Amino acid sequence: MKHIKILFIPVLLFYMCVSTVYCAEIKSENFVYKSSDGKLSITITYPQLTGLSDKKVENDLNKYFKKGFLTGYEELYGRSVNFCDKKDLEFCHKDLIETFGKEFKNTIEVEYTVGVNKNDILSIDYSGLEILTPSAHPSKLLKTFTVNLKDGKIYKFKDLFKEKSNYMSVIKSILEKRKSYIEIQKEGYDFYLTSDSLVLVNINTAYVSQGVEEVIKFKDIKDIINEKGPAGILMK
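Residues numbered from 1 in each chain as written. Predicted model: local features only at pLDDT ≥ 70, side-chain atom pairs only at ≥ 80, totals over all residues. Heavy atoms only, no water.

### Some remarks on the layout of surface pockets
As a reminder of what qualifies: In this analysis, the protein atoms alone were mapped onto a 1 Å grid. Cavities are point sets where a 1.4 Å probe fits without being able to get out; pockets are open sets with protein on both sides within 12 Å along at least five of seven lines; lining residues have an atom within 4 Å of a point. Grid points are joined across faces, edges and corners, and a volume is the space filled by probe spheres set on the points. Numbering of helices and strands starts at the N terminus; helices are DSSP runs of H or I of at least 4 residues and strands are runs of E of at least 2. Charged means Asp, Glu, Lys or Arg here, nonpolar means Ala, Val, Leu, Ile, Met, Phe, Trp, Tyr, Cys or Pro, and polar covers whatever is left, Gly included.
Size it by volume and the largest pocket reaches roughly 230 Å³. Around the largest pocket sit 13 residues that line it, and Thr-144, Tyr-155, Tyr-189, Asp-190 and Phe-191 are the ones nearest its centre. Listed by contribution, the elements that provide at least two residues to the lining of the largest pocket are β7 (139-148) and β8 (190-193). When residues in the lining of the largest pocket are grouped by element, the largest group, five residues, is from β7. Its residues assigned to classes, the lining of the largest pocket comprises eight nonpolar, two polar and three charged.

If you want it as structure tokens, here you go:
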């Protein structure tokens, strides 16, 4: 009986660890395109998940990440494009020629970093750079993704906070004290999470301030954090 108890305890501890600290295995996929004349070059590294117990959630999240990384780009081409669509790639090439002439050269490079991957929460920071000759400076491409690995929920900024907590005023006050520029019309922020912090990105669209991040510790906003939201889950 003693031997059975001794064996049972580590098995129980292992089960508790696996069940409470649930994360995904992440592999990087690459999308690479170069036009025949070499004028348009696109390299995008995006995440794909493996090892989730719910394969439907895994498949849905993989589609979500792939779409998020390979579609959009309205700020570059005037409308949403899908780089997996040959016709959209031809449109991008034609649009650039019509706008900038045959002397243009356009390069897009995108990669990502993982902010946190534990307790069923995965948060990813997408970072890209578009270099267009003859533009004066490159453009930064910024997106963020925060999801629940258990049920596939895709989180929005408001999901971080308690209802009626006046969270936008609280966040704005913190940023003002740090002398961070704020766009008045914002109703939310692009964000990703680390194990103990909320990171705000793309606070404004002015080129000189693009990519500036503001890190806010969970402990500094704990009174407004939704316990059932991603930050609340990470704090447990």
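### Describing the nonpolar core
Our working definition: Joining through side-chain atoms within 4.5 Å is the link that ties buried Ala, Val, Leu, Ile, Met, Phe, Trp, Tyr and Cys residues into a set, and such a set is a nonpolar core. Burial status follows relative accessibility: with a 1.4 Å probe on protein chains alone, a residue under 20% of its type maximum counts as buried, one over 50% as exposed, and anything between as partly exposed. Only heavy atoms enter the contact rule, under which two residues are in contact if any of them lie within 4.5 Å.
Residues Ile-44, Phe-69, Tyr-73, Tyr-77, Phe-83 and Leu-149 are the most contacted members of the largest nonpolar core, which totals 34 residues. Those elements that place two or more of their residues in this core are β2 (40-50), α2 (55-70), α3 (74-77), α4 (86-100), β5 (105-118), β6 (121-133) and β7. With near-sequence residues (within four places) excluded, Phe-69 lies in contact with Ile-44, Thr-45, Tyr-46, Pro-47, Val-110, Glu-111, Tyr-112, Ile-124, Tyr-126 and Phe-145. Formed by 24 residues, the second largest nonpolar core is a distinct cluster that contains Ile-121, Leu-160, Ile-174 and Ile-233.

### Digging into unusual backbone geometry
The phi torsion at Lys-164 lies on the positive side, around 60°, for a residue other than glycine. Locating Lys-164 in the fold gives a position in the loop between β7 and α5 (167-177). By relative accessible area, which is 87% here, Lys-164 ends up exposed.

### Here's the deal with the side chain of Asp-125
Rules: Charge counting treats Lys and Arg as positive and Asp and Glu as negative, with His and both chain ends excluded. By definition, a salt bridge exists where a carboxyl oxygen of Asp or Glu is found within 4 Å of a side-chain nitrogen of Lys or Arg.
Among the structural elements, Asp-125 can be located in strand β6. One buried charged side chain, Asp-125, makes no salt bridge at all; its nearest oppositely charged neighbour is Lys-143, positioned 12 Å away. Those residues within four positions of Asp-125 in sequence are excluded, and the remaining contacts are Glu-111, Tyr-112, Thr-113, Lys-143, Thr-144, Tyr-192 and Glu-213.

### Some details on the sheet that holds strand β10 (residues 214-217)
Where we set the bar: The rule for pairing is simple: two strands pair if DSSP sees at least two bridges between them. Between the N-to-C directions of two axes lies an angle of 0 to 180 degrees, each axis being a line fitted to C-alpha atoms and, for a helix, fitted only over the stretch in contact.
Spatial ordering of the open sheet is given by β8-β9-β10, a layout of three strands whose pairing is antiparallel. The two strands at the open ends of the sheet, each matched to only one other strand, are β8 and β10. Each adjacent strand pair in this sheet contributes to an overall mean axis angle of 25°, direction not counted. Relative to β10, strand β9 (residues 197-201) is paired through four bridges, and the arrangement is antiparallel. Residue Val-199 lies in a different strand from β10, and its bridge partner there is Val-215.

### Considerations on α4
Heads up, the condition is: Here the expected length of a helix is defined as 1.5 Å per residue gap, with one fewer gap than residues. By definition, the arc is the one covered by directions from the helix axis to the C-beta atoms. Think of a polar contact as two N or O atoms within 3.5 Å of one another; within protein, one of them needs to be a possible hydrogen donor and the other a possible acceptor, and neighboring residues in sequence only count if both atoms come from side chains.
Here α4 contains 15 residues, and its C-alpha end-to-end distance of 21 Å stays within 8% of the 21 Å for a straight helix at 1.5 Å per residue. Looking only at α4, the buried set comprises Asp-88, Leu-89, Cys-92, His-93, Asp-95 and Leu-96. One side of α4 carries all its buried residues, which in axial view fall inside an arc of 160°. Of the exposed residues in α4, those oriented more than 90 degrees away from the buried face are Lys-86, Lys-87, Lys-94 and Glu-98. Next to the buried residues of α4 lie β1 (25-34), β2, α3, β4 (81-82), β5 and β6. For α4, the side-chain oxygen to backbone nitrogen distance between the N-cap and Lys-87 is 2.8 Å, and the N-cap itself is Asp-85. Directly after α4, the chain includes Gly-101, whose backbone phi takes a positive value near 85°.

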